[in-house]
Protein chains: 6
Amino acid sequence: MQLALSTWQEVERYLEHSTGIIIPIGSTEQHGPNGLIGTDAICPTRIAAGIAEQEQILIAPTINYGMSQHHMAFPGTVTLRPTTLIQVVIDVVTSLHRHGFTHFYFVNGHGGNIAPVTTAFSEIYADLQGDISHPVRCKLANWWRNDAITRLAKELYGDAEGYHATVSEVSLSYYAHPEAVKDMPIHPAIAPTGDIYTAADFRRQFPDGRMGSSPQLASIAAGEQFCNLAVDALTADYRHFLTC
Amino acid sequence: MQLALSTWQEVERYLEHSTGIIIPIGSTEQHGPNGLIGTDAICPTRIAAGIAEQEQILIAPTINYGMSQHHMAFPGTVTLRPTTLIQVVIDVVTSLHRHGFTHFYFVNGHGGNIAPVTTAFSEIYADLQGDISHPVRCKLANWWRNDAITRLAKELYGDAEGYHATVSEVSLSYYAHPEAVKDMPIHPAIAPTGDIYTAADFRRQFPDGRMGSSPQLASIAAGEQFCNLAVDALTADYRHFLTC
Amino acid sequence: MQLALSTWQEVERYLEHSTGIIIPIGSTEQHGPNGLIGTDAICPTRIAAGIAEQEQILIAPTINYGMSQHHMAFPGTVTLRPTTLIQVVIDVVTSLHRHGFTHFYFVNGHGGNIAPVTTAFSEIYADLQGDISHPVRCKLANWWRNDAITRLAKELYGDAEGYHATVSEVSLSYYAHPEAVKDMPIHPAIAPTGDIYTAADFRRQFPDGRMGSSPQLASIAAGEQFCNLAVDALTADYRHFLTC
Amino acid sequence: MQLALSTWQEVERYLEHSTGIIIPIGSTEQHGPNGLIGTDAICPTRIAAGIAEQEQILIAPTINYGMSQHHMAFPGTVTLRPTTLIQVVIDVVTSLHRHGFTHFYFVNGHGGNIAPVTTAFSEIYADLQGDISHPVRCKLANWWRNDAITRLAKELYGDAEGYHATVSEVSLSYYAHPEAVKDMPIHPAIAPTGDIYTAADFRRQFPDGRMGSSPQLASIAAGEQFCNLAVDALTADYRHFLTC
Amino acid sequence: MQLALSTWQEVERYLEHSTGIIIPIGSTEQHGPNGLIGTDAICPTRIAAGIAEQEQILIAPTINYGMSQHHMAFPGTVTLRPTTLIQVVIDVVTSLHRHGFTHFYFVNGHGGNIAPVTTAFSEIYADLQGDISHPVRCKLANWWRNDAITRLAKELYGDAEGYHATVSEVSLSYYAHPEAVKDMPIHPAIAPTGDIYTAADFRRQFPDGRMGSSPQLASIAAGEQFCNLAVDALTADYRHFLTC
Amino acid sequence: MQLALSTWQEVERYLEHSTGIIIPIGSTEQHGPNGLIGTDAICPTRIAAGIAEQEQILIAPTINYGMSQHHMAFPGTVTLRPTTLIQVVIDVVTSLHRHGFTHFYFVNGHGGNIAPVTTAFSEIYADLQGDISHPVRCKLANWWRNDAITRLAKELYGDAEGYHATVSEVSLSYYAHPEAVKDMPIHPAIAPTGDIYTAADFRRQFPDGRMGSSPQLASIAAGEQFCNLAVDALTADYRHFLTC
Ligand code: NI
Ligand code: NI
Ligand code: NI
Ligand code: NI
Ligand code: NI
Ligand code: NI
């Protein structure tokens, strides 16, 4: 059940049996030579849609822009200041909480969002904890960080899965948008690895934007596998979260 | 050309022949008994997609959340604080400007965004005007405010077009998402009109969320007409804007 | 009744029969070759004084500085950051609301204030709507935007009225401050028109600061006419506003 | 020379021989049973006008609202949040600095402004010190804190001068606005003294708003004396400041 | 070499051979029935002192307050808003960077600081990356998260090490402050575990403040072992960091 | 009784007989050729420790960083933005107030903190005054500003006490940290005096960082005297403050 495609009266009825909601959050940033700039928003959007197909779970519109400061040396990347992203998350949760929602499950597609979104949760708990009639719970679920996904990626690609513009996320984005598959040679086969500091430094270390990955291995078929695994894992985790 | 479906190298090439970009911006708010909560994001997203089909124009991901404070008495509405929305717009423009973009054309779906987005433009001009190598131009194009749209709405619905949850926007959202059409009786035939103050007051004055409209008249066919008109009008306006 | 010239006990008595207040808001910015930098504050201050002469209406001190970013390429212009102005408006309304005021009628002299002040109203409604004992209503009345003023300006000056440093506002400021009338030749007779972007761009397009106007036509006598019309129109509008 | 009554070209000429400016800053707050709510803005405005009569010194429009948190338990008081006032001062100075002004002399009427305005100066120095072409100097001159004023107040009223709603400031405001003189018995003859904490506490300690003063002793004639002394003292101090 | 005990000329000389600095950061929050409220500041302060004994490394004063929102239901806990902590970290780094420091190594004592401090690093990189003359590198070293510490804790306490008010941190704080050792029975032997949401919820789940630990096992002797291990591990890590 | 060395249950018991707390606040900034960068934090920390020895008074951890913008032209100085310091003070007081503390006595070591900390108190009063169950009182006690200290400094050093890097504060810091005493010739014998504007200007006027002082006269013995006097004076003042 998509919030964007519902009426307010449908939401009113939904709240009678559940006060949980799933909020996809991504980013708009370079994903290497063949990865889509929207990868990190596309993946959680697709996974959340998969969850919604299974059962009556409300999915909020995707937060398409995230904290991508370190990718800013590549054209097309957009970054929110961390403090802006913190405020966006606070406002979205606070608004929905006013209607009676209590469990906010963010399906996240981007590592750079983890620190600011986690920070936002603390601000939210500080602001809303006085409201004992419907206490608030927030969870950030990074779709790629669970055993099922990690195991499959390891099995399929070994170390070539990488850390940014990973084979799994490029595959999943291709599965979601087959019309956007890019076919091109990529060198070197595996991208370098290292630590992340400033944007200029990132580009110097990782000239084509990848970190440790071989996204030329990406395929729609693998994307479907990753998507199905993520849908199952996150649906189970969300169900458990509702009981907390 | 969708930014989300492009690579950073494709954006690099795009910038060689154009430094303009279109950014759809909407909201997530009640739209009356049969209107979709996502209406104001769906319409500019659909129109921008139409523009992109016509020619090589880059479309950024949609800003799905807007300033909807006055709709907060209806479940499902999400509002950014005005100052949050201002910061989001600043960050998106500032990021893209760093890559060389100069002309930012926001296709807007929501009246409540006008004041904060216009405010953001002033902050942006203050911040970025020192950069004389690529001066910045921003424009907010409210899709429903042009002669072609106004004329058709008047012709089809007269006063029943209304001011919120209008027949034209509900039609356009149905055209974009036929799977979400809602069929229901609505009373009274035409909703009341009045001024907007607090959210509680809004609900008192406009109990089902509509302002002055008869959205039961909405249809997919009319939505297609509105969409085509808007695509043509905004494409022309965007082309002119690039010359400023 | 001027708030600045009252005691707190007089305000206490005023609140027994009215909870409305008028707040003039202007700016400090260039107004072309013969217009006063204080024009936009002087006009609403003078109009508000006229309203106060008619009847027992409380007038707050004028907010003398506004959002004038686009005039910053002309010496003497002062601009508040939009977010500063938003905060000023919030603080003024919130303070007075704490004493029991409920209806805040801003008489505005400057187009650039419209977006940030409107934005501030949304923040105010969000912050104060929980206080149901005395709900808040805000209105921004742009003195030059009403039928009576528009009609007289059209009749007297036709298109030469213009958009910035208009003949009507220069006249009204001369009527309020006859000691500051400037007499000088101005070329060209009618200033150019165009869109507003950055400050540097503004000065390039409008070299002497005027937009579309012939302020050399300004006169004290016309200023008196405009003032009287504005006083009558806004008094009536304010009375109506109190009933909302 | 009033900035509000000048044109931008007059300011341009003024800058050729001086880069100093005087900015009156006050507050809008209770001043006891017979003191005007505008006292703290009226006094610096009147003194600055006196300075401007003497010689060619530019006077900016008055900042009418200040930090009056501790007076908020009395109707009619308006307070800016300290951080708002800080931002207003930053914006005014930064704007004028961009035009080439370097010496900013604030004539202050209100003790509560001292901490936030001094704080703002530090922020300004941090922001603008990189601009070595025209370094910035700010000074806060509290009109009532100089030997001449203190001596006369002591001589005329002894301890009855007090700390808030002082006889000298009420006198000066009456001299500036004789139409607003209030004549009334006041008990007790001298108001209590004490420390300032919250607004509620202030009202408990100082029930009619005065601190330690006997403002029933105020007179227009004394106000003229205080005004003349302040004009002379501050003119001399301003001249010296320009040489720093 | 302690910054607090140096003169500015000694710092000037230090900068000739190193541009790195170590900044201890902690918190002021409950640490269970026998743990010190200052534990998280005491541990990194003590470890940093140990590092400084080994060689010429500059140690900044400790940031004693951190983000401890979730402990606020226990008396004595102090929390900075996450956004305040972010700003503190930005200001400290930015100040030192202006003097020529380039490598900022935070020795952290508190898990709750990780998200906001990491967030601050992104803001810092955004702000300072334009300064190519001395690019900035920040690292957050959580003293308890390294193999040596983890291994010893596992060996000594197994699962009773826990997650908050751990045996290792209580031991280290006792070693640093033997005068403050608390001797008391604690029940149950091992504290419960669970997820962290609001402060009220934290207290409900973890009534005496511990998470999963048996801090009654803490000892000065073990504290000395943990301290020495941490000093060695972090000194090596810091040396490596300087080469990045 | 040090908060950092207490458990939360000890604080709970403390609150049964007192709701007052002492918070040392300093800065990290140059203090001339032989003064310690930590002087302003070291002095209040040492004095507070002395107070705590006398009786059961709770001492919070020291705020080690303050507002030192004007010292930023000397290596090693760290400054918080004034608005950051304001927020830190607000957060510390607000946190402790939530546990039932009502009287917050800041022992301050640095003149530059006075404006922002005083500003913070106003924000705190605004935020917390609604909580009538335990009203809040804040006081900033500048340790060097009391008759006993002033008299001794005058007697020992006359004018050579100075205004920054004073003999008394350098002495007190040496008493607290005898291991850090610096012995060196200083010229000229007495440093120049003047007003404070930007950091660059400060260094130009006061090349070695001192203002008007002869800190080569500093001694551990005098530091002990100053410390004892300050402990007595502030203990008495704190006791009185608790009765307000
Ligand atoms: Ni990604
Ligand atoms: Ni709409
Ligand atoms: Ni105007
Ligand atoms: Ni006053
Ligand atoms: Ni800990
Ligand atoms: Ni000092």
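Numbers given for residues are sequential positions, taken from 1 along each chain in its written order. Each chain takes a letter, starting from A, and each ligand takes a number, starting from 1, following the order in which they are written. Reporting in this predicted model follows two pLDDT cut-offs: at least 70 for local features of residues, and 80 or more for side-chain atom pairs to be given and counted; totals over whole chains, interfaces and linings ignore these cut-offs and use all residues. Side-chain measures were taken over the full set of non-hydrogen atoms in the model, leaving aside hydrogen atoms and water.

Peer 1: I'm lost on helix H1 (residues 8-17) of chain B in this one. Help?
Peer 2: At 3.6 residues per turn, the α-helix brings residues three or four places apart onto the same side. Within H1(B), burial applies to Trp8(B), Val11(B), Tyr14(B) and Leu15(B). Buried positions in H1(B), seen along its axis, are confined to an arc of 105° and lie on one side of it. Residues Glu16(B) and His17(B) are exposed on H1(B) and point more than 90 degrees away from its buried face. Here a residue-residue contact requires only that any non-hydrogen atoms of the pair lie within 4.5 Å. Labels follow the DSSP assignment, with helices taken as runs of H or I lasting at least four residues and strands as runs of E lasting at least two, numbered in each case from the N terminus. Of the surrounding elements, those touching the buried residues of H1(B) are helix H7 (199-205) of chain A together with strand E1 (20-25) and helix H8 (220-242) of chain B. Throughout, exposure labels follow a simple rule: accessible area from a 1.4 Å probe, protein chains only, divided by the maximum for the residue type, with under 20% read as buried, over 50% as exposed, and the rest as partly exposed. The arc in question is the one spanned by the directions pointing from the helix axis to the C-beta atoms.

Peer 1: Looking at this model, I keep getting lost on helix H4 (residues 114-128) of chain A. Mind explaining?
Peer 2: Given a helix with a known number of residues, its expected span is that number minus one, times 1.5 Å. For H4(A), spanning 15 residues, the distance from its first C-alpha to its last is 21 Å, which sits close to the expected 21 Å at 1.5 Å a residue. Summarising burial for H4(A): 13 of the 15 residues are buried, a large majority.

Peer 1: Could you clarify how one ought to interpret the pattern of salt bridges in this entry?
Peer 2: Two side chains bearing opposite charge may form a pair once their charged atoms approach each other closely. For this document, the term salt bridge refers to a Lys or Arg side-chain nitrogen within 4 Å of an Asp or Glu carboxyl oxygen. Across all of its chains, the model carries 48 salt bridges over all chains by this definition. Taking the shortest distance from any N to any O, the salt bridge between Glu123(E) and Arg81(A) comes out at 2.3 Å. Of this pair, Glu123(E) sits in helix H4 (residues 114-128) while Arg81(A) sits in the loop between helix H2 (39-54) and helix H3 (82-98), placing the two residues on different chains. Overall, Glu123(E) belongs to the buried group, its relative accessible area being 3%. By relative accessible area, Arg81(A) is classed as partly exposed at 29%. Residues participating in the shared-partner salt-bridge network are Arg81(A), Glu123(E) and Asp127(E).

Peer 1: Help me understand the pairing of strand E3 (residues 137-142) of chain E in this model?
Peer 2: The side chains of a regular strand alternate, residue by residue, between the two faces of the sheet. Residue and element names in this part refer to chain E. When you tally the buried positions in E3, you get 5 out of 6 residues, the bulk of the element. Paired strands are those between which DSSP finds at least two bridges. Here 6 bridges tie strand E2 (residues 103-108) to E3, and the two strands are oriented parallel to one another. By the bridge assignment for E3, asparagine 108 is matched with asparagine 142.

Peer 1: When you look at the coordination of the nickel ion (ligand 6) in this model, what are you seeing that I'm missing?
Peer 2: Put simply, the ideal angle at a metal is 109.5 degrees for four donors in tetrahedral geometry and 90 or 180 degrees for six donors in octahedral geometry. All names here are of chain F. Only nitrogen, oxygen and sulfur atoms count as donors, using a 2.8 Å cut-off from the metal that widens to 3.2 Å for Na, K and Ca. Water is left out, so coordination shells may look unfilled. Within the protein, the nickel ion (ligand 6) binds to His31 (NE2), Asp40 (OD), Asp40 (OD) and Glu169 (OE); these donor distances fall in the range 2.0 to 2.8 Å. Along the chain, the residues donating to the nickel ion (ligand 6) are arranged with the sequence spacing H-x8-D-x128-E. Of this pair, histidine 31 sits in the loop between strand E1 (20-25) and helix H2 (39-54) while glutamate 169 sits in helix H6 (residues 167-176), placing them 138 residues apart in sequence. For the residue pair histidine 31 and glutamate 169, the accessibility class agrees, reading buried in each case.

Peer 1: Just checking my understanding: could you explain the arrangement of the chains for this structure?
Peer 2: In this structure chain A stays clear of chain D, and the shortest span between their C-alpha atoms is 18 Å. There is no contact between chain B and chain F; across them, the least C-alpha separation is 18 Å.

Peer 1: What am I meant to see in the relation of the copies chain A and chain B here?
Peer 2: Residues below a pLDDT of 70 in either copy are left out; the C-alpha atoms of the rest, at least 70 in both, set the least-squares superposition of the copies. Screw-axis analysis of chain A against chain B gives a translation of 0.0 Å along the axis, an RMSD of 0.0 Å, and a rotation angle of 180°. Taken together, these values place the two copies in the relation of a two-fold axis. When C-alpha positions in chain A are compared against the rotation axis, the closest is assigned to Thr84(A), at 3.3 Å. A share of 100% of the interface residues of chain A reappears at the interface of chain B, consistent with the copies meeting face to face through the same patch.

Peer 1: Can you walk me through the coordination of the nickel ion (ligand 5) in this structure?
Peer 2: Residue and element names in this part refer to chain E. Surrounding the nickel ion (ligand 5) are the protein donor atoms His31 (NE2), Asp40 (OD), Asp40 (OD) and Glu169 (OE), which sit 2.0 to 2.8 Å from the metal. Taken together, the 4 donor atoms coordinating the nickel ion (ligand 5) and their angles of 51 to 138° define a geometry best described as irregular. In primary sequence terms, the donor set of the nickel ion (ligand 5) follows H-x8-D-x128-E. Note that aspartate 40 is positioned in helix H2 (residues 39-54) and glutamate 169 in helix H6 (residues 167-176), a separation of 129 residues in sequence. For glutamate 169, a relative accessible area of 8% translates into the label buried. In this scheme the shape depends on donor count and angles: four donors with every angle between 85 and 135 degrees give tetrahedral, four or six donors with opposite pairs above 155 degrees and others between 65 and 115 give square planar or octahedral in turn, and any other case is irregular.

Peer 1: Just checking my understanding: could you explain the interface of chain A and chain B for this structure?
Peer 2: The extent of an interface is frequently quoted as the accessible surface area lost upon association of the parts. Contact with chain A, which involves 54 residues of that partner, is made by 54 residues of chain B. With both chains or domains summed, chain A and chain B bury close to 4,200 Å², and 63% of this area falls on carbon and sulfur atoms. A simple way to read buried area is as the amount of 1.4 Å-probe accessible surface that goes missing from two parts once joined, with both sides added. Broken down residue by residue, the surface that chain A buries against chain B is led by Leu5(A), Trp8(A) and Tyr65(A), which jointly contribute 18%. Counting across the interface, chain A meets chain B through 2 salt bridges. With a closest N to O distance of 2.9 Å, Lys182(A) and Glu10(B) form a salt bridge.

Peer 1: Looking at this structure, I do not really get the sheet that holds strand E1 (residues 20-25) of chain E. What am I missing?
Peer 2: Backbone-to-backbone hydrogen bonds pair the strands of a sheet. The strands run either parallel or antiparallel. Residues and elements named next belong to chain E. Read across the open sheet, the 3 strands follow the order E1-E2-E3; overall the sheet is parallel. Edge positions in the sheet fall to E1 and E3, since each of these pairs with one other strand and no more. Ignoring strand direction, the axes of neighbouring strands in this sheet form an average angle of 20°. As judged from the 6 bridges shared by E1 and E2, these two strands associate in the parallel manner. Paired with isoleucine 21 across the bridge in E2 is phenylalanine 104. In the packing of H2 onto the sheet, contacts are made with E1 and E2, and the angle to E1 comes to roughly 155°. Fitting a line to C-alpha atoms yields each axis, with helices limited to the stretch in contact; the angle taken between N-to-C directions then spans 0 to 180 degrees.

Peer 1: Even after reading the chapter, I still don't get unusual backbone geometry, so can you show me in this structure?
Peer 2: Only a minority of non-glycine residues have a phi that is not negative, and only a minority of peptide bonds are not trans. Between His187(A) and Pro188(A) the backbone carries a cis peptide bond, its omega angle lying at -5°. Assignment of secondary structure puts Pro188(A) in the loop between helix H6 (167-176) and H7. With phi around 60°, Ala165(C) is a residue other than glycine that occupies positive phi space. Position of Ala165(C) among the secondary structure elements: in the loop between helix H5 (147-157) and helix H6 (167-176). We classify Ala165(C) as buried; its relative accessible area is 0%.

Peer 1: Sorry, what's going on with the sheet that holds strand E3 (residues 137-142) of chain A here?
Peer 2: Residues and elements named next belong to chain A. Strands sit in the order E1-E2-E3 across an open sheet of 3 strands; the sheet is parallel. The strands lining the two open edges of the sheet, one partner per strand, are strand E1 (20-25) and E3. Ignoring which end each strand starts from, the neighbouring axes of this sheet average 20° apart. Sitting on the sheet, H2 touches E1 and strand E2 (103-108), and the angle it makes with E1 is about 155°. Contacts from H4 reach E1, E2 and E3 within the one sheet, and its direction differs from that of E3 by about 170°.

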